[in-house]
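Survey of secondary and tertiary structure
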Amino acid sequence: MTASETHSHAFDQAITLTAKGDNLFAGEVGDRYQNMVGPFGGLTAATLLNAALQHPERIGEPVSLTINFAGPVQPGAFDIEALPLRTNRSTQHWLLLQRQDGEVVTSGTAFFATRRETWSEQQQPMPHAPAANSLPQLVRGERNWFANYDFRYVSGLFNPSRSDTNPSEADTETLLWTRDHPARPLDFASLTALGDVFAPRIFHRRQRFTPAGTVSLTHYFHADAAQLAAAGDRHLLGHARATRMHNNYSDQIAHLWSDDGQLLLTTTQVAYFKE
């Protein structure tokens, strides 16, 4: 995919920001990535990160990102304030605020750093899975944003139309291959969005839809830009599960690997659910 083709991709159009002043960017929410209430949370997270990525004072690359969804993001215009709170020789701390009509709808913090080569080890191996191309692509149309991703499930597909699944025996784990659709070279913004493609774990455990939504998510980036570029536009393997659901809130922990087994992202989140 050429540079011009990348910029014409629906994802890049959706996270486009225009500099509006010191530490301030303007954007607009469209229809392509709409979810149940507002846009797909992964897209919102990627948009906030993009403000720091294109900030003229940015140093290094993202190491961690935390996004808190304070309220519904409505279609139409928004502003993002990207404030570098402190910059050291090789590290940088960010405050990210998304506003609509003067009210904060999403807040976030990010930590950037200039990575240096050191001893390295990967403690979380990639699960065994059939090759992505050997599995069928799942096409779903319940939400607009689904059309922008290629899903190929290894296990843990939530399908409320099936009658042969016993809810008492269901678990919260999902293993799948995924990437942008159409395929797009991986970078920090797209990896941020891909880290949130997993359905709420309560759906899987209860085997039915229930009101639910992410309240806060945190991404830990294990790779640098060169490693993401090496992953190209190929599928990533993702694994997600919950560890506890209690009194309206559930956690989720997930990992994403490149197809050659490199762990690229660890992500955790807290989601609200109603029963």
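Residues numbered from 1 in each chain as written. Predicted model: local features only at pLDDT ≥ 70, side-chain atom pairs only at ≥ 80, totals over all residues. Heavy atoms only, no water.

Counting residues in hydrophobic clusters, the biggest one holds 53 residues, and the most contacted among them are Phe11, Tyr33, Tyr149 and Leu191. Residues within four places of Phe11 in sequence aside, it is in contact with Tyr33, Leu43, Ala46, Tyr149, Asp180, Arg184, Ala189, Ser190 and Ala193. (Core = buried A, V, L, I, M, F, W, Y, C linked by side-chain atoms within 4.5 Å. Buried < 20%, exposed > 50% of the residue type's maximum accessible area, 1.4 Å probe, protein only. Contact = heavy atoms within 4.5 Å.)

The subject of this paragraph is the confidence of the model for the protein chain. For the protein chain, mean pLDDT is 93; residues scoring 70 or higher make up 94% of the total. The low-confidence segment residues 1-5 (pLDDT under 50) makes five contacts with residues lying over four places distant or belonging to another chain. (pLDDT = per-residue confidence, 0-100.)

Okay, unusual backbone geometry next. The residue after His181, namely Pro182, is reached through a cis peptide bond having omega 0°. Positionally, Pro182 belongs in the loop between β8 (174-180) and α4 (188-194). One non-glycine residue with positive phi stands out, namely Gln207, at about 55°. Tracing the backbone shows Gln207 in the loop between α5 (201-206) and β9 (212-221). Despite not being glycine, Asn248 shows a phi value in the positive range, around 80°. Inspection of the secondary structure assignment puts Asn248 in the loop between β11 (245-246) and β12 (249-257). Judged by its relative accessible area of 36%, Asn248 falls in the partly exposed class. (Helix = DSSP H or I, 4+ residues; strand = E, 2+ residues; numbered from the N terminus.)

Here the focus is the side chain of Thr178. With respect to the secondary-structure elements, Thr178 resides in strand β8. Of note is the side chain of Thr178, whose polar atom sits 3.2 Å from the backbone oxygen of Asp150. Apart from residues no more than four positions distant in its own chain, Thr178 is found in contact with Tyr149, Asp150, Phe151, Leu194, Val197, His235 and Leu236. (Polar contact = N/O pair within 3.5 Å; in protein donor to acceptor, adjacent residues only side chain to side chain.)

Turning next to the pairing of strand β10 (residues 236-241). The buried fraction of β10 amounts to five of the six residues, a majority that puts the element mostly inside the structure. Here five bridges tie β8 to β10, and the two strands are oriented antiparallel to one another. Opposite Trp177, over in β10, you have Leu237 as the bridge partner. The pairing of β10 with β12 spans five bridges and is classified as antiparallel. Residue His239 lies in a different strand from β12, and its bridge partner there is His255. (Pairing = 2+ DSSP bridges.)

The subject of this paragraph is the pattern of salt bridges. Taken as a whole and assessed by the stated rule, the structure comprises ten salt bridges. Its salt-bridge partner being Glu81, residue Arg99 comes within 3.1 Å of it at the nearest N-O pair. Highlighted residues: Arg99 in strand β5 (residues 91-100) and Glu81 in strand β4 (residues 76-87), separated in sequence by 18 residues. Owing to a relative accessible area of 29%, Arg99 belongs among the partly exposed residues under this scheme. (Salt bridge = Lys/Arg side-chain N within 4 Å of Asp/Glu carboxyl O.)

Take the packing of aromatic side chains next. Counted according to the given criterion, the structure contains 15 aromatic pairs. With centroids separated by 5.8 Å and ring planes inclined at 70°, the aromatic side chains of Phe40 and Tyr149 adopt a geometry described as edge-to-face. Within this pair, whereas Phe40 is found in the loop between β2 (24-29) and α3 (41-53), its partner Tyr149 is found in strand β7 (residues 149-155), the two being separated by 109 residues in sequence. Like Phe40, the residue Tyr149 is buried in the burial classification. Look at Trp145 and Phe146: their rings are 4.7 Å apart centre to centre, the planes differ by 65°, and that puts the pair in the edge-to-face class. Residues Trp145 and Phe146 agree in their burial class; the two are buried. Put simply, the rings of Phe11, Tyr33, Phe40, Trp145, Phe146, Tyr149, Phe151 and Tyr153 touch in pairs and so form one group of aromatic residues. (Phe/Tyr/Trp six-rings, centres within 6.5 Å; stacked < 30°, edge-to-face > 60°.)

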